[in-house]
Amino acid sequence: MKINVNENFKTFKDNYLFVECANKIAAYQKDNPKAKIIKLSIGDVTRPLPSVVIDALKKAVEEQAQAETFRGYAPESGYDFTRVAVANYYARRGTNVDSSEVFISDGAKSDCGNVLDLLGHNQIYVPDPVYPAYVDANIMQGNHVFYIPGTLENEFAPMPTSDIECGSVIYICSPNNPTGSVYNREQLTEWVNFANEHGCLIIFDSAYEAFVTGENPRSIYEIEGARTCALEICSLSKTAGFTGTRCGWMIVPKELEANGLNFNKAWSRRQATRFNGVPYIIQRAAQAALSEEGMKVCMENIEYYKANAAKMSEFLTRKGIKFTGGINSPYIWMQTKDNTPSWDFFDYLLNEAQIAGTPGVGFGAQGEGFFRITSFGKAEDYDEAIARLERIL
Ligand code: MLT
């Protein structure tokens, strides 16, 4: 063919980080068919969906089986009942979001990239280490990505610097994937003030908000001034175990605009053209998960994962290994043994203990010498993983 192509794809490594990990794990399993690998790499949940969600799914399936209750195309921005359920979820925590500002999607990863349809070419700032989907989506668009270093010294919660140009787009993920750090109220206020003063847009990823403890903000809209500078992307993947069920949302405040473009109106227009909505049965499941009854079970599951994190944290502390995360986050971000390069440490753990995690450098240059372990696994796997690690760390 002689067509022009998106040359940006040629700058990518062959595989997305988690695919690269999965391929290596699969290759090891093929060579060692008897090995019982403990997979703590991609942050995929293991607790089943709450029964209230399953009941809602079954009921919705039955509705789809009857001519009287059958539904075809879903509204592209989401059924009102789901948009209201999300708004109520925020309201129960004292955060005001209007249901018309909630746009239901198939998850945070899609929205993190799709949102770029609203924007022209801008300087993009991300913390380093960072969830790789933000970076890849921007590279696909031909955007320049700049890194704000997260380090042990700043507890992986980098703050605004004078290097960030006016009119930039800044991705913030709090609680952070991969480091587990969380911005406190003062820090997030500093980011919001900075964005408003410098005409920047914050794309706030709150996918891990359900893990937040204490007074730390769970939504950027808890911070005064955020409605004029921030979009928020969230998902039920981690909160309600929807990694395989797929439902998330983006909050686009009515006040948000730049250069004569109102983002709420524009996003509605974008979704109408490029999206046919999340399936009815999934939105009923989401509505059930977001209900008070559903959320009670979801939070029990979150506690289950936090107990896994606590066990691993206790082990690392006992061994004198430095780490962050595990409290406001399902991720534990640990230093590799003797500062081994991250991918070598990945091989070491896989070969010597049949444990798979994610190499820190896969999240950015600042991640070199670190390693991420998820706490989304089964409780018994952490007892076994710790017993194995005890022998080699
Ligand atoms: C992760 O492991 O970082 C995430 O769960 C992957 C994802 O959400 O895409």
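Residues numbered from 1 in each chain as written. Predicted model: local features only at pLDDT ≥ 70, side-chain atom pairs only at ≥ 80, totals over all residues. Heavy atoms only, no water.

*Asks:* Looking at this model, I keep getting lost on the overall build of the chain. Mind explaining?
*Replies:* A count of helical and extended segments in the chain gives 12 helices and 15 strands. In terms of overall size, the chain behaves like a compact globule, its C-alpha atoms giving a radius of gyration of 21 Å where 393 residues would be expected to give roughly 21 Å. Overall, the chain is about 60 × 55 × 55 Å in size when its C-alpha atoms are taken along their principal axes. Buried positions account for 54% of the 393 residues belonging to the chain. Of all intrachain contacts in the chain linking residues separated by at least 6 positions in sequence, the fraction that spans at least 24 positions is 74%. Surface exposure of the chain reaches about 17500 Å², of which carbon and sulfur atoms provide 50%. Within the chain, one finds 38 positive and 48 negative side-chain charges whose respective centroids are separated by 6 Å. (Helix = DSSP H or I, 4+ residues; strand = E, 2+ residues; numbered from the N terminus. Rg over C-alpha atoms; globule rule 2.2 N^0.38 Å. Buried < 20%, exposed > 50% of the residue type's maximum accessible area, 1.4 Å probe, protein only. Contact = heavy atoms within 4.5 Å. Areas by Shrake-Rupley, 256 points an atom, 1.4 Å probe, with all protein chains shown as cover. Lys, Arg positive; Asp, Glu negative; His and termini not counted. Charge placed at Lys NZ, Arg CZ, Asp CG, Glu CD.)

*Asks:* Just checking my understanding: could you explain the pairing of strand β12 (residues 331–335) for this structure?
*Replies:* The two faces of a sheet get side chains in turn, since along a regular strand they alternate between them. In terms of burial, β12 is largely enclosed, as four of its five residues are buried. Across three bridges, strand β11 (residues 323–325) lies against β12 in antiparallel orientation. Pairing of Gly325 across the sheet is with Ile332, part of β12. Between the antiparallel neighbours β11 and β12 lie five residues, among them Gly326 with a positive phi of about 85°. Across five bridges, β12 lies against strand β15 (residues 370–374) in antiparallel orientation. Each bridged residue has a counterpart across the sheet, and for Tyr331 the counterpart in β15 is Thr374. (Pairing = 2+ DSSP bridges.)

*Asks:* Any chance you could explain the site of the ligand here in plain terms?
*Replies:* Around the ligand, the structure places Phe18, Ile42, Gly43, Lys109, Tyr131, Asn177, Tyr208, Lys238, Tyr331 and Arg372. For the ligand, an oxygen atom lies 3.4 Å from a polar atom in the side chain of Tyr331. With respect to the ligand, the side chain of Arg372 contributes an N or O atom lying 2.7 Å from an oxygen atom. Relative to its free-state accessible area of 270 Å², the ligand is covered by the protein chains to the extent of 86%. Applying the majority rule of atoms within 2 Å of the grid points places the ligand in the second largest pocket. Residue classes in the shell around the ligand are distributed as five nonpolar, two polar and three charged. (Near = heavy atom within 4 Å. Polar contact = N/O pair within 3.5 Å; in protein donor to acceptor, adjacent residues only side chain to side chain. 1 Å grid on protein atoms, 1.4 Å probe; cavity = no way out; pocket = protein on both sides within 12 Å on 5 of 7 lines; lining within 4 Å. Sits in = over half its atoms within 2 Å of the grid points. Nonpolar A, V, L, I, M, F, W, Y, C, P; charged D, E, K, R; others polar.)

*Asks:* Please clarify how the pairing of strand β2 (residues 102–105) should be interpreted in this entry.
*Replies:* Taking every second residue as pointing to the same face, both faces of β2 are buried, with Val102 and Ile104 on one and Phe103 and Ser105 on the other. One ladder, built from four bridges, connects β2 with strand β8 (residues 248–251); its direction is antiparallel. Residue Val102 lies in a different strand from β8, and its bridge partner there is Ile251.

*Asks:* Sorry if this is basic, but what is going on with helix α11 (residues 342–353) here?
*Replies:* Spacing of three or four residues puts side chains on the same side of an α-helix, whose turn is 3.6 residues. A rise of 1.5 Å per residue sets the reference length of α11, with its 12 residues, at 16 Å; its end C-alpha atoms lie 16 Å apart and thus fit the reference within 8%. Packing partners of the buried residues in α11 comprise α1 (17–31), β12, β13 (355–356), β14 (358–359), β15 and α12 (379–392). Once α11 finishes, Gln354 follows within two positions and takes phi at roughly 50°, a positive value. (Expected span 1.5 Å × (residues − 1).)

*Asks:* In this structure, what is going on with the side chain of Asn216? I would like to understand it.
*Replies:* Locating Asn216 in the fold gives a position in the loop between β6 (201–205) and β7 (230–235). Under the relative-accessibility criterion, Asn216 is labelled buried at 19%. In terms of polar contacts, Asn216 uses its side chain to reach the backbone carbonyl oxygen of Thr213, at 3.3 Å. Residue contacts for Asn216: discarding those within four places in its chain leaves Val182, Tyr183, Asn184, Arg185 and Asn328.

*Asks:* Got a minute to help me understand the pattern of salt bridges in this structure?
*Replies:* Close approach of charged atoms lets side chains of opposite charge pair. Summed over all chains, the structure comprises 16 salt bridges. Note that Glu300 and Lys296 form a salt bridge whose closest N and O atoms lie 3.9 Å from each other. Of this pair, Glu300 and Lys296 are both found in helix α10 (residues 292–319), four residues apart, which corresponds to roughly one turn of the helix. The partly exposed category is assigned to Glu300, whose relative accessible area is 46%. (Salt bridge = Lys/Arg side-chain N within 4 Å of Asp/Glu carboxyl O.)

*Asks:* How should I be thinking about the nonpolar core in this particular structure?
*Replies:* In this structure, Val126, Tyr134, Tyr171, Leu201, Ile203 and Met312 are the most contacted members of the largest nonpolar core, which totals 65 residues. In terms of residue count, the dominant contributor to this core is α11 (six residues). Among all residues touching Tyr134, those that are not within four sequence positions of it are Cys112, Val126, Tyr171, Cys173 and Asp205. Counting residues in each nonpolar core, the second largest holds 49 residues, with Tyr89, Ile104, Ala288 and Met295 among its members. (Core = buried A, V, L, I, M, F, W, Y, C linked by side-chain atoms within 4.5 Å.)

*Asks:* So what exactly am I meant to see when it comes to the layout of surface pockets here?
*Replies:* Where empty space is left becomes clear once a probe the size of a water molecule has been rolled over the atoms. A volume near 660 Å³ is recorded for the largest pocket. Lining the largest pocket are 27 residues; nearest its centre among them are Phe12, Tyr16, Pro132, Val135 and Asp136. Among the elements of the structure, α4 (108–114), α5 (132–140) and α8 (263–274) are those that each provide at least two residues to the lining of the largest pocket. Per element, the largest residue contribution to the lining of the largest pocket is seven residues, and it comes from α5. Residues belonging to the lining of the largest pocket are distributed by class as follows: 14 nonpolar, seven polar and six charged. Its boundaries defined by the atoms lining it, the second largest pocket holds a volume of some 410 Å³. (Points joined across faces, edges and corners; volume = space filled by probe spheres on them.)

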